[in-house]
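Take a look at the letters that make up each chain.
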Amino acid sequence: MLDSAGFDLWANEYDKTVCLSEEADEYPFAGYKNVLNTIYKRIKLGNGKTVLDIGFGTGILSKKLYDEGMEIFGIDFSQEMIKLAKEKMPNAAFYQYDFSKGIPCELSEMKFDCIICTYAIHHLTDADKVVFIKELQNRLNPNGEILLGDVAFETKQSLEECMKKAGDEWDDEEFYIVDEELSKDFPDMIFEKISFCSGVCIIK
C-alpha cells in the first residue's frame, strides 16, 4: 500500500492514471466519473452546506461542490495532494492527517451536513471501516449523510470474479466494500452499483 510519500510522488499523475483505467473500463477505476457524479448529484439534491471530504486526493469532487458555494473541509495524508487541492480551493480548510487514526482534533467538535470518501476507505480493513463509519455518524448534522464511493461489490462472489479478471493488477493490500457484508453493521445503508467494480454507499 502506498504511504504518504508514495502518494506525494503520484499526485501530479493521479488524475491521468485514473482516466486511463476508466476509459479502458478496467479495474480499479471503471465507473470512476459516474461514482463522483452520483455523489455530487446526491449532495445537490439536499440542503447541506458543510462537507467533509476524507482522502480527497486532488480534489476533483470537492472542487465542484466548492464552486457551488459549499463550505469544504478535507483530510488527506499527502502534502502534495493538499497543495494541489489548495490551489483549486483557496478558501477550503485542509488537514494533513492519516484517517486510519480517526478524525483530527481540529475537526473533532464539528458537525457536517455531508461526509464523503471516494476511493480512500479501501485502505481500512473491514473491521476498521465499521469503527470509522460509526465515528463519522457522530459527526453528522440531523439528516446528514455519509457517501462512500469506491471499488465496491454487491456480493463476495462478484468481488472474487473481479479479482480473477484483474489477475496481477489486483491489489491485495486494499480492502474493498462488499454490500452484503457491510450492510450487516449498517442495515439501513443504501448501495448503488455503478460499474462491475464500483458503487456508492449511502449511510444516514
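Residues numbered from 1 in each chain as written. Predicted model: local features only at pLDDT ≥ 70, side-chain atom pairs only at ≥ 80, totals over all residues. Heavy atoms only, no water.

Draft legend 1. Looking closely at the pairing of strand β1 (residues 50-54). Within β1, five of the five residues are buried, which leaves the element mostly enclosed by the surrounding structure. Both faces of β1 are covered, namely the face carrying Thr-50, Leu-52 and Ile-54 and the face carrying Val-51 and Asp-53. Pairing of β1 with strand β2 (residues 71-76), which is carried by five bridges, proceeds in the parallel orientation. Considered in β2, the bridge of Asp-53 is made with Gly-74. (Buried < 20%, exposed > 50% of the residue type's maximum accessible area, 1.4 Å probe, protein only. Helix = DSSP H or I, 4+ residues; strand = E, 2+ residues; numbered from the N terminus. Pairing = 2+ DSSP bridges.)

Draft legend 2. Structural detail: the sheet that holds strand β9 (residues 198-203). Reading across from one edge, β3-β2-β1-β4-β5-β9-β8 is the order of the seven strands in this open sheet, with mixed pairing throughout. With one partner strand each, in any of the chains shown, β3 (93-96) and β8 (190-195) form the two edges of the open sheet. If you compare each strand with its neighbour and ignore which way they point, the axes differ by 15 degrees on average. Contacting β4 (112-118), β5 (140-150), β8 and β9, helix α2 (residues 32-45) runs over the sheet at an angle of about 170 degrees to β5. (Axes fitted to C-alpha atoms, helices over the stretch in contact; angles between N-to-C directions. Contact = heavy atoms within 4.5 Å.)

Draft legend 3. Here's a closer look at the packing of aromatic side chains. For the coordinates displayed, the defined rule picks out 11 aromatic pairs. Ring plane angle 80 degrees and centroid distance 6.0 Å describe the contact between Tyr-27 and Tyr-176, whose orientation is recorded as edge-to-face. Taken together, the residues Tyr-27 in the loop between α1 (4-23) and α2 and Tyr-176 in the loop between α6 (156-166) and β7 (177-178) connect sequence positions 149 residues apart. Residue classification places Tyr-27 among the buried positions, given a relative accessible area of 11%. (Phe/Tyr/Trp six-rings, centres within 6.5 Å; stacked < 30°, edge-to-face > 60°.)

Draft legend 4. Region of interest: the nonpolar core. One finds Leu-65 and Ile-116 to be the most contacted residues of the largest nonpolar core, which totals 36 residues. Elements represented by at least two residues in this core include exactly α2, α3 (60-67), α4 (79-88), β4, α6 and β9. Per element, the largest residue contribution to this core is six residues, and it comes from α2. In contact with Ile-116, other than residues within four places in its own chain, are Ile-39, Ile-43, Val-51, Leu-52, Asp-53, Ile-54, Leu-61, Leu-65 and Leu-147. The next biggest cluster of nonpolar side chains, apart from the first, holds 28 residues, and it includes Phe-112, Ile-115, Ala-152 and Phe-186. (Core = buried A, V, L, I, M, F, W, Y, C linked by side-chain atoms within 4.5 Å.)

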